[in-house]
Amino acid sequence: QVQLVESGGGLVQAGGSLRISCAASGGTFSLYAVGWFRQAPGKEREFVARITWSGGSTSYADSVRGRFTISRDNAKNTVYLQMNSLKPEDTAGYYCAATGRLLSTIEAMGARWYDYWGQGTQVTVSS
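First, a word on scope: everything that follows refers to the structure included in this document.

Let us look at the overall build of the protein chain. Each helix and strand counted, the protein chain has 0 helices and 11 strands in total. Listed by position from the N terminus, the elements making up the protein chain come as β-β-β-β-β-β-β-β-β-β-β. In terms of principal-axis extent, the alpha carbons of the protein chain reach across some 40 × 25 × 25 Å. Within the span of the protein chain, comprising 127 residues, buried residues form 45% of the whole. Restricting to contacts in the protein chain with at least 6 residues of sequence separation, those with at least 24 account for 58%. When the accessible surface of the protein chain is summed, it comes to about 6500 Å², and 48% of that surface belongs to carbon and sulfur atoms. Charged side chains in the protein chain number 12 positive and 9 negative. The centres of these two groups are separated by 3 Å.

So, about the sheet that holds strand 1 (residues 3-7). Taking strand neighbours across the sheet as the criterion, the 4 strands line up as 1-3-8-7 in an open arrangement whose pairing is antiparallel. Across the chains shown, the open sheet's two edge strands, defined by having one partner strand only, are strand 1 and strand 7 (68-73). Neighbouring strand axes in the sheet, compared pairwise and without regard to direction, differ in orientation by 15 degrees on average. In this structure, strand 3 (residues 18-25) lies alongside strand 8 (residues 78-83), joined through 6 bridges in antiparallel fashion. The residue of strand 8 that forms the bridge with Ala23 is Thr78.

We now examine the packing of aromatic side chains. Counted by the stated rule, this structure contains 5 aromatic pairs. Seen in terms of ring centroids, Phe37 and Phe47 are 5.7 Å apart; in terms of plane orientation they differ by 75 degrees. Their pairing is edge-to-face. Here Phe37, found in strand 4 (residues 33-39), pairs with Phe47, found in strand 5 (residues 46-51); they are 10 residues apart in sequence, far enough to count as distant. Geometrically, the ring pair formed by Tyr114 and Trp117 is edge-to-face, given 6.3 Å between the ring centres and 65 degrees between the ring planes. In this structure Tyr114 comes out as buried when scored by relative accessible area, which is 5%. Accessibility expressed as a relative area gives 27% for Trp117, which makes it partly exposed. By the ring-pair criterion, three or more aromatic residues cluster together here, those being Phe37, Phe47, Tyr114 and Trp117. In this structure, Arg45 is placed above the aromatic ring of Tyr95, and the distance from its NZ or CZ to the ring centre is 4.1 Å. Above the face of the Trp117 ring, Arg45 is positioned so that its terminal group lies 4.8 Å from the ring centre.

Rules used throughout
Residues numbered from 1 in each chain as written. Predicted model: local features only at pLDDT ≥ 70, side-chain atom pairs only at ≥ 80, totals over all residues. Heavy atoms only, no water. Helix = DSSP H or I, 4+ residues; strand = E, 2+ residues; numbered from the N terminus. Buried < 20%, exposed > 50% of the residue type's maximum accessible area, 1.4 Å probe, protein only. Contact = heavy atoms within 4.5 Å. Areas by Shrake-Rupley, 256 points an atom, 1.4 Å probe, with all protein chains shown as cover. Lys, Arg positive; Asp, Glu negative; His and termini not counted. Charge placed at Lys NZ, Arg CZ, Asp CG, Glu CD. Pairing = 2+ DSSP bridges. Axes fitted to C-alpha atoms, helices over the stretch in contact; angles between N-to-C directions. Phe/Tyr/Trp six-rings, centres within 6.5 Å; stacked < 30°, edge-to-face > 60°. Lys NZ or Arg CZ within 6 Å of the ring centre and 35° of its normal.

See below:
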């Protein structure tokens, strides 16, 4: 059983940067692919980015590609999401999720394929 805890959220001005983290415990974290999802009030949860267990492959939603970077440090059992050039529309609760499944790039965009979820961290971007 893997436990995930997000941190690093906060309030930032448009154009600014923020790095959020997802710390894992309770399992062999290096065996899990990790995704970041976000959910704004009144909207469905949406895929943001994911990274494979080795960190050798990443993928991003079109809305964040070129601005966000996902990375991981398996020695620290942590996955990061560096967010640059933030926009007000990036405002949402951000959730990390982990899966031991081997997912295609398309499958990795689906929240249903992830088995473990954190409680989320709020990111608010002011205009």
